[in-house]
Amino acid sequence: MLSNDTYMELLIFLILFPLLMAGLLTLIQGENFRRAAVISGAVLVGIASLITLADSITTQAVYHSVPVDMIGILIFIGDILISGYIIFVSLKARQYLVTSITTLQLILLCAVEYLALADHAHIPELFSDELSGIMAAIIGVIGGLICVYALGYMREYHAEHPDRPDKRPRFFGIMFLFLSAMFGVVFSNNLLWLFFFWEITTLCSFLLIRYPETDEAVKNAFRALLFNLVGGACIPVAFLVIFLGQGSQYIGLHELVTAGPGIALIPAGLIAIAGLAKSAQFPFSSWLVGAMVAPTPVSALLHSSTMVKAGVYIIARFAPVFEGQIVGILIALIGGITFLAASAIAISQSNAKKVLAYSTIANLGLIVACCGVGTAEALWAAILLIVFHAIAKSLLFLSVGTVEHQIHSRDIEDMNGLVTKMPRITMMILIGIAGMFLAPFGMLISKWASLHAFVESVPPYGILLVIIIAYGSGITAFFWAKWMGKLIAVGEPQTKDESHIPRSEKNILYILSALTIGVCFGFPIISWYLIEPWLLTMYQSVTDLISLSNIEIMFMMLFLVLIMPFSLARFTHSARRVPRYLCGIPEGRSTAFMGSCGINREIALSNYYLERIFGEERLSRISVGMGIFLIVLLLNILIIGGGL
Amino acid sequence: MDPFIAAALFIILAPVVGILITGLDRILTARMQGRVGPPVLQPWYDIRKLFQKKQVAVWGAQSFFIFCYLIFIIFTGALFFAGGDILLVIFAFTLGHVFLVLGAYVSYSPYAHIGAERELIQLMAVEPMIIIAAIGLYQVNGSFLIGDMANHPGLPILLLPGVFLGFIYILTFKLRKSPFDLATSHHAHQELVKGSTTEFSGWTLAMVELAHIYELVVMLGFIWLFFGDNLILCVAAIAIIMILEILVDNCTSRVRWQDAMTSAWFVTLVAGAGNIFALSIM
Amino acid sequence: MSYLQKSPWIIHYDASSCNGCDIEVLACLTPLYDVERFGILNTGNPKHADIFVITGGVNEINKEVVLNIYEQMPHPKVVVAVGICACSGGVFRECYNISGGVATVIPVDVYVPGCAARPESIIDGIVQALGILEQKRSAMKAGAEGVA
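It should be emphasised that the depicted structure is a prediction, and the values quoted were computed from it without experimental measurement. (Residues numbered from 1 in each chain as written. Chains lettered and ligands numbered in written order. Predicted model: local features only at pLDDT ≥ 70, side-chain atom pairs only at ≥ 80, totals over all residues. Heavy atoms only, no water.)

Scanning chain B from N- to C-terminus turns up 10 helices and 1 strand. In chain B, the order of α-helices and β-strands from amino to carboxyl end is α-α-β-α-α-α-α-α-α-α-α. Here the C-alpha radius of gyration of chain B, 18 Å, is about what a compact globule of 282 residues would show, namely 19 Å. For chain B, the spread of C-alpha atoms along the principal axes amounts to about 55 × 40 × 40 Å. Here chain B holds 282 residues, and the buried ones make up 68% of them. Just so you have it, chain B exposes about 9,100 Å², and 74% of that area is on carbon and sulfur atoms. Here chain B carries 14 positive and 17 negative side-chain charges, and the mean point of each set is 12 Å from the other. (Helix = DSSP H or I, 4+ residues; strand = E, 2+ residues; numbered from the N terminus. Rg over C-alpha atoms; globule rule 2.2 N^0.38 Å. Buried < 20%, exposed > 50% of the residue type's maximum accessible area, 1.4 Å probe, protein only. Areas by Shrake-Rupley, 256 points an atom, 1.4 Å probe, with all protein chains shown as cover. Lys, Arg positive; Asp, Glu negative; His and termini not counted. Charge placed at Lys NZ, Arg CZ, Asp CG, Glu CD.)

Rendered as C-alpha cells:
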C-alpha cells in the first residue's frame, strides 16, 4: 500500500508528533486551547495508528534504517538525562534505593555504549509488523480516547480536590510524551532505542502517579519507580551479554529473535524479567495496586491498557525463543501463579479500582503464561487477550472514574442499584464486565484458546498451568458476577441522574463500549488478517487454531446475547408487583422491616468478601514469596546458562 | 448422527427423560424415608401447574434474566449433544448460571441475595473440577470434541479414575443435593427459605425447574463420556450414580459453605489434578 | 384436568396458635400420612404457594403478616383455616388481643374445625380446597378471556 519510505515516515510521525504535542501542551495554559489541542492531537494520532495497522495487514514486516547516525548518541544522552533526573529526584526524597539502582543502571549502560562504540553492526533501527500494528492501534486509538476523556475528568477532579495543585498542562504533556514513548517501544528494532523509550515510560508513570502530590501518591510513585527500575536494570545486563558474547548485530530485536534460543535465550530471559516487572507480575505486583491512587485516566492508560502491555509485548516478542525451554516454563509459571493469586485477592477487595487493578494483573499473568509457553497456539491466545483486555479494561476504568465523580465513592458497596440512577453508564460497566469473563466475549475466547494451547505443550508443566487456569477461572467469575449483581440489585429505585456527566466522558464511553462489542464480533477478522499471518512468519507453521465450526458456535452465542434486549422489553411489565419476602413483616417502605422489639430496620445487603480465605495480605505474602523464588531460580538458570 | 438432529432431539427429549428421572428420584427418596411418594410424573405436574399461576414479582426484570438462563442452558445442552467443543460447553454453562445469579440479585431480597452469593460460591467450587474433567477426557481421546469422546471404543474411566471420583463429588453440587445444596434446595426444611429462587413465581419458577432438568440430562451425559460408546455400561453407571446421590442426599445435612468450597477444591486437587498430571507424564 | 389439583403447594403459618393444630399439620407431611402422594409440598415461601394453611386466632401483629403473605401469593390461591381458633377464635374469641379467626383478615375458602384438628380432617379440607382452587382457576381463565 504505502511505499517503504512513506511507511517509515508514518512511524517516525507517530513517535515525534505526540512528542511535539507534549511540548505544546505543557506550554498552553488556556483550557479551551488545550481542549482543542488534545482532541485534534488524539484524532491525528488515532488515525495515523489505524493507517499503520491497515498497512501491516497488506505488507510484510518492514525494516527501516534511520539515515541519521547522530540519533544513537542523542539517545544515549537522553538516557543519561533521564537517569540524572531520577537520581536528583530520589536523592531529594531520600529514596536511596532508587538512587543506587539508577546509578548502577547508568554505569552498566555506559559500559554498553563503550562496547558499542567499538563494535557497531548496522541494523535497521525501526520496524513494523502485524504485532506492532496491533499495539500501535491500541496505543493510538485507546490512548487517544483516554486523553480526550481526561479533559472532562481532570476538570471535575480539580473541582473536587481544590487542595491538590492544578498542573494540568504538565499532566497532558506527560500523557502525550507517554504515547510517543510507547510508539517508540513497539516500533524499535534496535534494543538500545527500545530501552530508551522503555525508561521514558517508567518516568512518565512515576510523574503521573505522583500527580496528586499527596504523601501516599509520592510514596506509591517511588515504589512503582523502584520496581520498574529493578526490572529495567536487567536490560543493560542483557546488552552486556550480547556485546560480550554474541556480537553487536544481535542488538536488533528481529535479529536476536530469529537467531534462536542458542544465542538469544539469556538476553531474552533477562529482558523478560524487565517485562515481568513492568507488567506487575508477582513478586512485583504491589506497585500496580499502589498506582491506583493516580487519577483514573492514568490508571486506564498506563496501568491497564498500554504501559503494562509493553511488558507483555516484549515477552511476546521473545516467545519463539522461549518455546520448549526451561526459562520459558519458569516465566509461564510466574504468569500462571500471578493469574491465580491476583484473581483470588480480587475477591476480597471492595474498592472498585483495586478490583480492576488485580484483575489487570491476573490477565497480564495469563498473557505472560501464554508467552512463556511460546507455541503458536499460545501466542494466538496471548495476542487476542492483549487486544480484548486493553479495550474492555479501559472501558471499565473510565466508567468507574465517571461513577466515582457522580457518587463520590470508589467502593462497590456504594454502587448498589446503580442501574436506576445511571442506567446507561451501568449498561456500559456491564458490557465491560461481560467482556472480561463471559462467553462469547473475547476474554473467554482467549481463555479457551490458552487452555487448548497449554494441554499440548511442555509436558508435564503445561498441565500444571491448566490446573492453575482451571482454579482461576471460577474465581474470576465470582468477583465479576457479584459486582454485576450489586449494580442491578434495586431496593428503592433512585432517581435517574446522568445529566452531570461531562459530554466528553459519556461519548468516549459509548465509543469504547462499541469497540468492545465490535472487537468481539470481529475477532475472526483480526485473527485471519493480523494474528495468523504474523504467527506464520514467526513459526513457519500454524496449527488449526480455531476451526470454522467453533466460529459458528460463537456467532450463535453472540446472536442469542443480542436477542436479550428485546426480551427485556417484553418481560419487564408482565407480573403483578409484590413486596420482597421478609418473613411477612415489612414496614412502610419496601426495604424496611419490623425487627425484634418492634424496631424498624432497613435491609442492608453486602457482597461476600471472604476475607479469611482470600485476604489480600496473606495471599500477597504467599505469592510474593513464590514469585521471588521463581525469579531467583530463573536468574540462577540464566547465570548458569551463561557459564556453560 | 447429524449434529442438528442430535440437538433437536435433545431439546425435545431431555425434558421427558429429565422429568422421569426426577420423578423416580422423588419416589426413591420417599421409599427410603418409609413413605409412598408422589406419582412418577409429578415434576411434570409441578411445571404445568406453575404455568397456570398468575405471576408475581418484585421487579419484572427477574423474568428476563431467568428466561436468558433457560435459553442458555438449553443452547449449551444442545451444543453438548451435537458433539461440540467441551470447553465451550463448560464456559457457556457458566454464562447461564451467571444469568440465574443476576436474576436472584435483582430483587434485593435478603434470602435471594444470600442464595445468589452461595450460587456463585458453588460455581467457584465446581468449575475447577469440571475443567479438569474436560482436560482429562481430552488426554484420553486426543480431542476436545464431544462427538469424538462419545465414540471412544474403550473405557476412558480406566485412565481417569481420580477425575471420575472428583466429578461425582461435584455432581452433588450440580444436582443440588445435600450436603451441597447451598444456594437453593428442594427440601423446604432447609434454612434460607428458598435461597436464590425465593422471589420467583409462576412461569419464572417453572423455567428454573425446566433449566434444572435440562442441566440434569447434560450432567448425566457427562458421566456417559467416561464410558465411551458402551451403552449398557453407561446406563448402568448413570443409574448407580443417581441412586448413590439420592442416598447421600437423604443421609446428610447441608454443610457450611466454607467446608463445601474447600472440600471441593481439595478433592479436585488430589483426585482430579493428580490424575491429569499423572496422565501427562506417562 | 387442572394441574393445580395435582400439584398443590402449601404455605403454613401459625397466627397465634397454641401449636396444637400446627403439629397436626406437620403430621400430615410425615410418612404416616404422606401428603406428598398427592403432590403436596410444604414450601416456606408464599410466592411459590397455592394453598395458605393457617392456624391460630390472629392477633394485632399477625394481622400484618397474614395480609402480607396472602398478598405475595400468586393467583389462583385458596385459604384453609385449620382448627377452631382459625375458624372463629375458639376459646380465645373474647380475648382483647385476638381478632376472632382468619376470616376477619383475609377471605377463607375452607374451614377445618377441631381442637386440635385431626390430620384426616385436615387432608379432607385440603382436598376440598383443591376443588375450589380449580373453580378459581377456571374463573380466572374465563375472566381473562372475557376481558381479552
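What follows continues from the structure just given.
A word on the interface of chain C and chain A. Taken together, the 15 residues of chain C in the interface contact 10 residues of chain A. Summed over both sides, the interface between chain C and chain A buries roughly 870 Å², with carbon and sulfur atoms accounting for 55% of that surface. By the criterion of area lost to chain A, the three top residues of chain C are C:Asn68, C:Glu71 and C:Gln72, representing 44% of everything that side buries. Between the two partners, chain C and chain A, sit 0 salt bridges. Applying the counting criterion to the chain C and chain A interface returns 3 residue pairs in polar contact (both at pLDDT 80 or more). For the side of chain C that touches chain A, the residue count by class is 6 nonpolar, 5 polar and 4 charged. (Contact = heavy atoms within 4.5 Å. Buried area = accessible area lost by both parts, 1.4 Å probe. Salt bridge = Lys/Arg side-chain N within 4 Å of Asp/Glu carboxyl O. Polar contact = N/O pair within 3.5 Å; in protein donor to acceptor, adjacent residues only side chain to side chain. Nonpolar A, V, L, I, M, F, W, Y, C, P; charged D, E, K, R; others polar.)

A word on the interface of chain A and chain B. Every contact between the two is made by 66 residues of chain A and, on the other side, 62 residues of chain B. Between chain A and chain B, the buried area comes to about 5,900 Å², and carbon and sulfur atoms account for 79% of it. Connecting chain A to chain B are 0 salt bridges. Connecting chain A to chain B are 16 residue pairs in polar contact (both at pLDDT 80 or more). Contributing elements (two or more residues each) for the side of chain A that touches chain B: helix 21 (442–456), helix 22 (461–488), helix 24 (548–571), strand 3 (576–577) and helix 25 (611–614) of chain A. Considering every element that reaches the side of chain A that touches chain B, the biggest residue donor is helix 22 of chain A, with 16 residues. Of the residues that constitute the side of chain A that touches chain B, the class distribution is 47 nonpolar, 13 polar and 6 charged. Here 2 bridges tie strand 3 of chain A to strand 1 (residues 56–57) of chain B, and the two strands are oriented parallel to one another. Across the sheet, the residue bridging to A:Arg576 is B:Val56, located in strand 1 of chain B. (Pairing = 2+ DSSP bridges.)

Once that is clear, we can look at the UniProt feature "transmembrane region" (unreviewed entry) in chain B. UniProt annotation of "transmembrane region" (unreviewed entry) refers to residues 6–24, 56–80, 86–108, 120–140, 152–171, 230–248 and 260–281 of chain B when read in the numbering used here. A helix fraction of 100% and a strand fraction of 0% characterise residues 260–281 of chain B, whose end C-alpha atoms lie 31 Å from each other. (UniProt positions renumbered as here; feature names shortened; annotations may be inferred.)

The next point concerns the environment of A:Arg155. Along the chain, the position of A:Arg155 falls in helix 5 (residues 130–160). Not counting residues up to four positions away in its chain, the partners in contact with A:Arg155 are A:Glu31, A:Arg35, A:Arg168 and A:Pro502.

With an omega dihedral of 0°, the bond running from B:Ser178 to B:Pro179 counts as a cis peptide bond. Mapped onto the elements, B:Pro179 comes out in the loop between helix 7 (161–174) and helix 8 (202–225). The linkage connecting C:His75 with the following residue, C:Pro76, adopts the cis geometry, with an omega of -10°. One can find C:Pro76 in the loop between helix 3 (60–72) and strand 4 (78–82).

Residue and element names in this part refer to chain C. Of all 5 residues that make up strand 4, 5 are buried, and the element is covered over most of its length. Residues Val-78, Val-80 and Val-82 point to one face of strand 4 and Val-79 and Ala-81 to the other, with burial holding for every one of them. As paired elements, strand 3 (residues 51–55) and strand 4 share 5 bridges and run parallel to each other. Across the sheet, residue Phe-52 finds its bridge partner in strand 4, namely Val-79. Remark: the strand 3/helix 3/strand 4 crossover connection has right-handed handedness. (Right-handed = clockwise from strand over helix to strand, strands pointing away.)

Here we come to the side chain of A:Thr201. Residue and element names in this part refer to chain A. Inspection of the secondary structure assignment puts Thr-201 in helix 7 (residues 191–209). Within the local environment of Thr-201, its side chain forms a polar contact with the backbone oxygen of Trp-198, the two atoms lying 2.5 Å apart. Every residue in contact with Thr-201, bar those within four places of it in the chain, is listed here: Phe-178, Ala-181, Met-182, Lys-278 and Met-307.

We now examine helix 1 (residues 3–32) of chain B. Residues and elements named next belong to chain B. Compared with an ideal rise of 1.5 Å per residue, which puts 30 residues at 44 Å, helix 1 spans 40 Å between its outermost C-alpha atoms and is within 8% of the ideal. When the local axis directions of helix 1 are compared, the greatest deviation, roughly 45°, occurs at Leu-13, which is followed within four positions by the proline Pro-15. Once helix 1 finishes, Gly-34 follows within two positions and takes phi at roughly 80°, a positive value. (Expected span 1.5 Å × (residues − 1). Bend = angle between axes of the 7 residues up to and from the residue.)

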